Amino acid sequence: MNESLNLTVAQKQQTTLAPMQLQFVRMLEMNEAEAEDEVRRALDDNPALEVEEEPHNDRHETEDGEGEFTESAEQLQLADYRSEDDIPYYRLDIQNRSAADPVYEPVATASGESLYEYLMRQLSEDSAITDRQLEIARFIAGNLDPNGYMERTVHALVDDMALQEGLETTDEEVRAVLERVRSLEPAGVGAIDLRDSLLLQLRRRKVTASVELATEIVRDYFDLFSLMHFDRIASLTGSSREQLKEAMEVIRSLNPKPGSLISGDDNERTRHISPDFFVESDGDRLTLSMTGRLPRLQIEKSFLQTTEPDRRKPSAAGEAANAFIRQKRDEASTFIKVLEMRQTTLFRVMGAIMQWQREFFLTDDPSKLRPMVLKDISALTGDDLSVISRATTGKYVATHQGIYPIKSLFNERRSDTDDASAQMVIQRIRDIIAAEDKNHPLSDAAITEMLNADGLDIARRTVAKYRERAGLPVGRLRKEL
């Protein structure tokens, strides 16, 4: 057997990002709240980092690109928080300590309950329930989805309890406990589907003619109700138009997601949106500013001090200390640069968007949005498309009229015309549907004809796509009595 050695030379292109670039990309994707948490973590972890003591002014940019300075950063930053409890400790601390001193933060406690905790509290207060039933109820409550629905069958729950908890039960025993869970607040919890949830809620209502008719509709004619076939429902129930209208009002007052009524403190914070930018208009003048929550950082003075060179060989401990100081100082310097790069990039990108969508920010009218894609902003800023995408994802801008996701300002161009954006067409569809006769709602074909009459050459399937994007149901589901 002959053996031989071969040497092969090949060229391969490979892009490798430096650690600083990776850190910049990661921070660019963060919104203001996430970046603030990252700054807090860095301040806790790196003794070489500290917040600048000197007050500084927040920078604003106008349409002509010139910066102007107004209020101090501290005034702007503290005003952005909902309450004092939301203000990070480094905003309130007196900066007269060294970086090595310990910092004590108050322990945060949740002020709300989850759906599971809410149900279990009710069950624990029931003196008639046994320990075994409470254990079964605990497993049932843990299998409810966030909306309060039970998506698993009773038989599946029996099998799961045997496998996961080692608890042998029967279908009848679990079904009895499930009925007890279904009797708890909020009304409708533990239902297997929407129809079941509505019926559970109707059973709690005071018995009136309208409630009885509403119960009959949901129980016996739910499919017709889903399709809004009111004439057939009126004929089958023998009810008048006025009676049917009152019953429909009862049904519409019910909650299709009963579990969503119960939410903890963390969920409430999740729903709160903090804008990353503010755009203010004064006549024909626009002013862009960032929320300014992030503090200015600097390297702690003791890490900047240099020691006189010693001709003697340093000890092992001294060498380790010097290496530690250099490492933390370099990490702090990199973090400060990355944070400045992030702020500069975000400001540059949002400034270009503000200029491109000038008419929208002056009027707050969605129909004034111009066609805009990532490539347009990239051409204005010189940044790569991936940078523009990361700088706009998950970010919000506030105007006088409301808060908008920055991604919603991007609109693809239509092939048949350059001056009609997708958002403009969607707004026109909204206006048409808002003005329609609710007793005879318009079909997608009728809306298409109206748009064509306005000079917008658009297909019916495109109208359907834009209508769904706007969150508007089909014509038959928009029908009212």
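Residues numbered from 1 in each chain as written. Predicted model: local features only at pLDDT ≥ 70, side-chain atom pairs only at ≥ 80, totals over all residues. Heavy atoms only, no water.

Got a minute to help me understand the overall build of the protein chain in this structure?
Tallying secondary structure elements over the protein chain gives 22 helices and eight strands in all. Out of the 481 residues belonging to the protein chain, those deemed buried represent 40%. Long-range pairs, those at least 24 residues apart, make up 66% of the contacts in the protein chain with a sequence separation of at least 6. Accessible surface computed for the protein chain: about 28400 Å², of which carbon and sulfur atoms make up 49%. (Helix = DSSP H or I, 4+ residues; strand = E, 2+ residues; numbered from the N terminus. Buried < 20%, exposed > 50% of the residue type's maximum accessible area, 1.4 Å probe, protein only. Contact = heavy atoms within 4.5 Å. Areas by Shrake-Rupley, 256 points an atom, 1.4 Å probe, with all protein chains shown as cover.)

Looking at this model, I keep getting lost on the side chain of glutamine 427. Mind explaining?
Counting through the fold element by element, glutamine 427 comes out in helix H20 (residues 422-434). On the basis of relative accessibility, which here comes to 15%, the residue glutamine 427 falls in the buried class. Ignoring anything within four residues of it in the chain, the contact list for glutamine 427 reads Pro366 and Ser367.

Looking at this structure, I do not really get a negative patch on the surface. What am I missing?
Residues Glu242, Glu246, Glu249 and Glu480 make up a contiguous surface patch of negative charge. Of note, glutamate 480 is situated in the segment after helix H22 (460-469). (Patch = residues over 30% accessible without salt bridge, like charges linked within 9 Å, V, L, I, M, F, W, Y side chains within 5 Å. Salt bridge = Lys/Arg side-chain N within 4 Å of Asp/Glu carboxyl O. Lys, Arg positive; Asp, Glu negative; His and termini not counted. Charge placed at Lys NZ, Arg CZ, Asp CG, Glu CD.)

Which parts of the structure should I look at to understand the packing of aromatic side chains?
Aromatic ring pairs are defined here through the distance separating the ring centres and the angle between the ring planes. Using the criterion set out here, one finds three aromatic pairs in the structure. An angle of 65° between the planes, with centres 5.1 Å apart, marks the rings of phenylalanine 360 and phenylalanine 361 as edge-to-face. With a relative accessible area of 1%, phenylalanine 360 lands in the buried category. Aromatic pair phenylalanine 360 and tyrosine 404: ring centres 5.1 Å apart, planes at 75°, arrangement edge-to-face. Placement of the pair is phenylalanine 360 in helix H17 (residues 358-363) and tyrosine 404 in strand S8 (residues 403-405), with a sequence separation of 44 residues. Taken together, the ring pairs in this structure connect Phe360, Phe361 and Tyr404 into an aromatic cluster. Across from the ring centre of phenylalanine 410, 5.6 Å away, lies the NZ or CZ of lysine 407, which sits over that ring. (Phe/Tyr/Trp six-rings, centres within 6.5 Å; stacked < 30°, edge-to-face > 60°. Lys NZ or Arg CZ within 6 Å of the ring centre and 35° of its normal.)

Before we go on, may I ask you to explain the confidence of the model for the protein chain in this structure?
In regions of low pLDDT, the predicted coordinates are not meant to be interpreted in detail. When pLDDT is averaged along the protein chain, the result is 79; 78% of the residues meet or exceed 70. Between residues 65-111, whose pLDDT stays under 50, and residues either more than four places distant or in other chains, the model counts 75 contacts. In this model residues 264-271 is a low-confidence stretch, pLDDT under 50, and it forms eight contacts with partners more than four residues away in sequence or in other chains. (pLDDT = per-residue confidence, 0-100.)

Would you explain the pattern of salt bridges in this entry?
Opposite charge on two side chains permits them to pair, given that their charged atoms come into close proximity. Tallied over the full model, the rule gives 21 salt bridges. A salt bridge links aspartate 220 to arginine 219, with the shortest nitrogen-to-oxygen separation between them at 3.2 Å. In this structure aspartate 220 comes out as partly exposed when scored by relative accessible area, which is 42%. Judged by its relative accessible area of 41%, arginine 219 is partly exposed. The salt bridge involving lysine 438 is made with glutamate 436; its shortest N-O contact spans 3.4 Å. Under the relative-accessibility criterion, glutamate 436 is labelled buried at 9%.

I would appreciate a short explanation of the pairing of strand S5 (residues 285-290) in the present structure.
Remark: a regular strand shows side chains that alternate across the two faces of the sheet. Summarising burial for S5: five of the six residues are buried, a large majority. When strand S4 (residues 277-282) meets S5, the two strands line up antiparallel, connected through six bridges. Within S5, the residue paired with aspartate 282 across the bridge is arginine 285. Hairpin connection, S4 to S5: the antiparallel pair is bridged by two residues, and glycine 283 has positive phi, about 70°. (Pairing = 2+ DSSP bridges.)

Hey, could you run me through the packing of helix H1 (residues 19-29) against helix H19 (residues 385-392) in this one?
How two helices sit against one another is set out by the angle between their axes and by the gap between those axes. Two elements in contact, H1 and H19, have axes whose closest approach is 7 Å; the angle formed by their N-to-C orientations is 40°. Between H1 and H19, the angle is such that the two are oblique. In this structure, H1 uses Val25, Leu28 and Glu29 to contact H19, whose residues at the interface are Val387, Arg390 and Ala391. The residue inventory of the contact of H1 with H19, partitioned by class, reads four nonpolar, no polar and two charged. (Axes fitted to C-alpha atoms, helices over the stretch in contact; angles between N-to-C directions. Parallel < 35°, antiparallel > 145°, perpendicular 65-115°, else oblique. Nonpolar A, V, L, I, M, F, W, Y, C, P; charged D, E, K, R; others polar.)

Any chance you could explain unusual backbone geometry here in plain terms?
Trans peptide bonds make up the majority, and among non-glycine residues the majority have a negative phi. Omega for the peptide link from glutamate 185 to proline 186 comes to 0°, which places this bond in the cis form. Position of proline 186 among the secondary structure elements: in the loop between helix H8 (171-182) and helix H9 (194-203). For aspartate 364, which is not glycine, the phi torsion reads 60° and is therefore positive. Assignment of secondary structure puts aspartate 364 in the loop between H17 and helix H18 (374-381).

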